[in-house]
Amino acid sequence: MKVAIVIAGLIVVVVAALVAIQPSFLKPASLALVKKSDIFGFSPGMTFDETSKLISQRRYLCRRSRDSYTFECDINGAKVSVDSDEADVRHPIWRVKAELNNPGAQDAAVKSISDQFNAQALKDREGWTWIVGRGLKLSYDGLALNLVDEAAEARLRNDEAKR
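Along every chain, residues carry numbers that run from 1 in the direction the sequence is written. Where local features are concerned, this predicted model is filtered to residues with pLDDT of at least 70; where side-chain atom pairs are given and counted, the filter is 80 or more; whole-chain, interface and lining totals use all residues. Each side-chain value is worked out from all heavy atoms of the structure, with water and hydrogens disregarded.

This next bit is on the sheet that holds strand S5 (residues 122-124). Read across the sheet, 8 strands follow the order S1-S2-S3-S4-S8-S7-S6-S5 without closing on themselves; strand pairing throughout is antiparallel. On the outer flanks of this sheet lie strand S1 (61-64) and S5, each paired with one strand and no other. Between one strand axis and the next, the sheet turns through 20 degrees on average, direction left out of account. Strand direction decides the pairing type here: strand S7 (residues 136-140) and strand S8 (residues 144-149), joined by 5 bridges, are antiparallel. Bridge pairing in S8 places Leu 136 opposite Asp 149. A contact between two residues is defined here by any heavy atoms of the two lying within 4.5 Å. Between N-to-C directions, angles cover 0 to 180 degrees, with each direction set by a line fitted to C-alpha atoms, over the stretch in contact for helices. Helix and strand definitions here come from DSSP, where helices need a minimum of 4 consecutive H or I residues and strands a minimum of 2 consecutive E residues; each element is numbered from the N-terminal end. Set on the sheet, helix H3 (residues 48-58) makes contact with S1, strand S2 (70-75), strand S3 (78-84) and strand S4 (93-99); between it and S2 the angle comes to about 25 degrees. Each of S4, S7 and S8 is contacted by helix H5 (residues 150-162), which is oriented at about 80 degrees to S8, the strand it contacts most. Any two strands are treated as partners once DSSP identifies two or more bridges connecting them.

Criterion for a disulfide: a pair of cysteine sulfur atoms within 2.5 Å. Tallying each qualifying case throughout the model produces 1 disulfide. Here Cys 62 pairs with Cys 73 through a disulfide, and the sulfurs are 2.0 Å apart. What sets the handedness of the Cys 62 and Cys 73 disulfide is the S-S torsion sign, and at about 110 degrees it is right-handed. Separated by 11 residues along the polypeptide, Cys 62 in strand S1 and Cys 73 in strand S2 bring together distant segments of the chain. Relative accessibility thresholds used throughout: buried, under 20% of the residue-type maximum; exposed, over 50%; partly exposed, between the two (1.4 Å probe, protein chains only). With a relative accessible area of 24%, Cys 62 lands in the partly exposed category.

Here is the structure:
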């Protein structure tokens, strides 16, 4: 019995030493590849109720546009608009746009965004794009960040074309 206690104690000491030396030792491998997929906590796919709750919890200064499911917010000097699908009963977010007040040098901003979202930037004629999350496209044109659920955006365009 005493031997088992000593061995258990040694195992605990070894694990504690490993965690002290390498903190990621206990982090699940699935978390290592998790990518950020939100802007100020708003992410495409969130329902209207989840969005309202986030605004209340974080005490964001937001107003809802009349007769629509769009929020306009002022957060840390950025003008953020959150667009939700009006036809779906849950009104999920399909786009988050943040117009930055003072973005600074574009190269530094692109590197910072790449680091935050753990994604590689792709240069195109309109600016920079990243693929983040599942089916989400982040773009930056030097002044604003746009995070869009591409499938929802395409569906909304098709619905508008039918009208």
